[in-house]
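# Residue-level structural notes
One letter stands for each residue in the lines below.
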Amino acid sequence: MTMNGITVEFECPLSSYEKRDDVTYPEVVHETYFSTTTGLDRGANVVLPPNYDTSKKYPVLYLLHGIFGDEYVHLRDNDRKLLELLGNLTADGLAEEMIVVLPHMYATSDPNQQPAFTVEATKPYDNFINDLVTDLMPFIEGKYSVYTDREHRAIAGFSMGGRETLFIGFTRPDLFNYIGAIAPAPGATPAQDWAMTHPGQMQEHEMTFAGKEYAAKLVMVCCGSNDGTVGQFPVGYHKILEANGVEHTWFEIPGAEHNATAIRPGFYNFLRAIFK
């Protein structure tokens with residue numbers, strides 16, 4: 001199975017995610033920006049490639065977290081190996097140099113509101129598209145040396161972040177050319193799971209690029225074969241995309257659960273396939 005010219009691998013080689021003495025790893029900068037969407041200051045981590053050079057332009061990946069997460073979670077979980085993968089793959093010529101933005105996706109106007117498994121408590125995640133487009137992206141593009149065209153933008157996410165990635169990617173293909181959903185949670189389309197009834201951010205027939213001016217170059221959906229948290233919803237998205245005639249890559253990571261055992265191979269394959 002290939003994805004944008006790279007062979008999908010279910011296991012990451014140790015050389016791709018172990019710390020190496022011959023590699024310089026990315027730098028992380030924490031930023032605070034004012035969100036007109038929420039009326040609040042919000043945080044994001046920006047991962048800069050080694051020897052970040054303002055005389056160059058870099059493609060940018062917006063990488064979203066799961067429910068109850070924040071801008072630190074992809075860095076805090078050492079098993080995800082984001083910085084190691086970025087550093088090693090770039091050093092080995094297997095991934096392009098890029099800037100990765102890690103937002104806090106819970107875009108609420110109430111600083112006391114907390115996420116939970118209810119429709120009302122998950123609405124701020126669905127509101128993130130507005131914060132992203134209106135506030136975060138202009139902030140990043142104003143401060144960092146990034147390309148501002150869709151061909152050099154990617155969006156990906158895990159779990160709730162995967163759900164929002166699908167919603168944002170299919171709603172705004174004019175902004176993102178690469179879409180990666182790792183173990184995406186239910187709710188991008190109408191669904192019923194163990195926790196709640198999801199009204200859906202779009203109907204199943206709307207998860208398509210048909211009739212739109214732009215189509216993403218890459219759509220990836222994956223999950224672990226032993227994921228007991230989102231269960232069959234990732235394969236459900238795959239079947240919706242198939243029914244809608246959307247070209248995409250779908251794969252299951254054997255034995256992986258709803259954690260870093262699925263996230264790390266998801267990162268590994270997506271990072272190698274984007275901006276090619």
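Refer to the structure presented above.
First, a word on scope: everything that follows refers to the structure included in this document. (Residues numbered from 1 in each chain as written. Predicted model: local features only at pLDDT ≥ 70, side-chain atom pairs only at ≥ 80, totals over all residues. Heavy atoms only, no water.)

This brings us to a nonpolar patch on the surface. On the surface, a nonpolar cluster with roughly 380 Å² of combined accessible area is contributed by Phe68, Phe117 and Trp194. Examined against the element boundaries, Trp194 turns out to sit in the loop between strand E9 (191-192) and strand E10 (197-198). In this structure Trp194 comes out as exposed when scored by relative accessible area, which is 62%. (Patch = residues over 30% accessible without salt bridge, like charges linked within 9 Å, V, L, I, M, F, W, Y side chains within 5 Å. Areas by Shrake-Rupley, 256 points an atom, 1.4 Å probe, with all protein chains shown as cover. Salt bridge = Lys/Arg side-chain N within 4 Å of Asp/Glu carboxyl O. Helix = DSSP H or I, 4+ residues; strand = E, 2+ residues; numbered from the N terminus. Buried < 20%, exposed > 50% of the residue type's maximum accessible area, 1.4 Å probe, protein only.)

The final tally for this structure, using the stated rule, is 1 cavity of 30 Å³ or more. There is about 40 Å³ of room inside the largest cavity. What lines the largest cavity is Leu61, Leu63, Leu82, Ala156, Gly180, Ile182, Met220, Gly266, Phe267, Phe270 and Leu271. Among the secondary structure elements, those contributing two or more residues to the lining of the largest cavity are strand E5 (60-64), strand E8 (178-182) and helix H8 (260-273). In terms of residues, the lining of the largest cavity owes the most to one element, H8, which gives 4 residues. Residues that form the lining of the largest cavity fall into these classes: 9 nonpolar, 2 polar and no charged. (1 Å grid on protein atoms, 1.4 Å probe; cavity = no way out; pocket = protein on both sides within 12 Å on 5 of 7 lines; lining within 4 Å. Points joined across faces, edges and corners; volume = space filled by probe spheres on them. Nonpolar A, V, L, I, M, F, W, Y, C, P; charged D, E, K, R; others polar.)

Across the sheet, 8 strands lie side by side as E3-E4-E6-E5-E7-E8-E11-E12; this open sheet has mixed pairing. Looking at which strands have only one partner, the edges of the open sheet turn out to be strand E3 (27-35) and strand E12 (249-253). Averaged over all pairs of adjacent strands, the angle between strand axes in this sheet comes to 20 degrees, irrespective of strand direction. When E8 meets strand E11 (residues 218-224), the two strands line up parallel, connected through 5 bridges. Pairing of Ile179 across the sheet is with Val219, part of E11. (Pairing = 2+ DSSP bridges. Axes fitted to C-alpha atoms, helices over the stretch in contact; angles between N-to-C directions.)

Turning our attention to the pattern of salt bridges. Inspection of every chain in the model, using the stated rule, returns 15 salt bridges. Of the charged contacts in the structure, one is a salt bridge between Arg272 and Glu9, with a shortest N-O distance of 3.7 Å. A residue pair is termed long-range when its members are at least 10 positions apart, and Arg272 in helix H8 and Glu9 in the loop between strand E2 (6-7) and helix H1 (14-17) qualify at 263 residues. Looking at Glu9, the relative accessible area reads 27%, which means it is partly exposed. A salt bridge links Asp70 to Arg76, with the nearest nitrogen and oxygen atoms 3.4 Å apart. Several salt bridges converge on common partners, so that one network encompasses Arg20, Asp22 and Asp92.

In an α-helix there are 3.6 residues to a turn, and that puts residues three or four apart on one side. The axis of helix H5 (residues 128-143) is deflected most strongly, by about 35 degrees, at Leu136, and proline Pro138 appears within four residues downstream. Within H5 the residues assigned to the buried category are Phe128, Ile129, Asp131, Leu132, Asp135, Leu136, Met137 and Ile140. (Bend = angle between axes of the 7 residues up to and from the residue.)

Among all residues save glycine, negative phi is the norm, and among peptide bonds the norm is trans. Look at Ala183: it is not a glycine, yet its phi comes out positive at around 50 degrees. Among the residues examined, Ala183 registers a relative accessible area of 0% and is labelled buried. One non-glycine residue with positive phi stands out, namely Phe275, at about 65 degrees. Using a relative accessible area of 11% as the deciding quantity, one classes Phe275 as buried.

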